[in-house]
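Residues per chain, in single letters:
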Amino acid sequence: MHLTLDLPDDLVPAKPLDEIARELLRAGAMYWLVRGEISAEQAKAITASDARDESFKALLMSMPDVGDDVDFERAVDLGRSEGSWDT
């Protein structure tokens with residue numbers, strides 16, 4: 001998996017990129033934990049990975065598979081049909 005964020009420079013805090021990446025990992029771990037998608041042990045492993053020399057890709061690959069890609073596809077939204085008006 002490859003994740004790319006394209007943000008305007010004025011929205012990115014003046015921090016080193018590795019610190020921003022660690023904060024994103026922590027935020028993701030907390031989000032997944034609250035949603036019940038990972039266990040507390042997995043969240044702890046993710047947040048403790050700051051000390052390891054492990055790439056972000058390796059960390060993502062170590063996470064359990066939670067379903068098929070088709071499970072996460074969004075349905076095509078064709079909008080509302082045009083109604084008829086009584087005039």
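Computed from a predicted structure; not experimentally measured.

Caption draft 1: A look at the packing of helix H1 (residues 17-34) against helix H2 (residues 40-48). For the pair H1 and H2, interaxial distance at closest approach is 9 Å and the crossing angle is 175°. Taken as axis vectors, H1 and H2 run roughly antiparallel relative to one another. Touching Leu25, Arg26, Ala29, Trp32 and Leu33 of H1 are Ala40, Ala43, Ile46 and Thr47, all from H2. The residue makeup of the contact of H1 with H2, split by class, is seven nonpolar, one polar and one charged.

Caption draft 2: Structural detail: a negative patch on the surface. A contiguous patch of negative charge, built from Asp65, Asp68, Asp69, Asp71 and Glu73, is present on the exposed surface. Following the sequence through the fold, aspartate 69 ends up in the segment after helix H3 (56-62).

Caption draft 3: Representation of the nonpolar core in the model. Of all hydrophobic cores here, the largest spans six residues; its members are Leu25, Ala29, Ile38, Ala43, Ile46 and Leu59. Among the elements of the structure, H1 and H2 are those that each provide at least two residues to this core. For alanine 29, the residues in contact, after removing those within four places along its chain, are Ile38, Ala43, Ile46 and Thr47.

Rules used throughout
Residues numbered from 1 in each chain as written. Predicted model: local features only at pLDDT ≥ 70, side-chain atom pairs only at ≥ 80, totals over all residues. Heavy atoms only, no water. Axes fitted to C-alpha atoms, helices over the stretch in contact; angles between N-to-C directions. Helix = DSSP H or I, 4+ residues; strand = E, 2+ residues; numbered from the N terminus. Parallel < 35°, antiparallel > 145°, perpendicular 65-115°, else oblique. Contact = heavy atoms within 4.5 Å. Nonpolar A, V, L, I, M, F, W, Y, C, P; charged D, E, K, R; others polar. Patch = residues over 30% accessible without salt bridge, like charges linked within 9 Å, V, L, I, M, F, W, Y side chains within 5 Å. Areas by Shrake-Rupley, 256 points an atom, 1.4 Å probe, with all protein chains shown as cover. Salt bridge = Lys/Arg side-chain N within 4 Å of Asp/Glu carboxyl O. Lys, Arg positive; Asp, Glu negative; His and termini not counted. Charge placed at Lys NZ, Arg CZ, Asp CG, Glu CD. Core = buried A, V, L, I, M, F, W, Y, C linked by side-chain atoms within 4.5 Å. Buried < 20%, exposed > 50% of the residue type's maximum accessible area, 1.4 Å probe, protein only.

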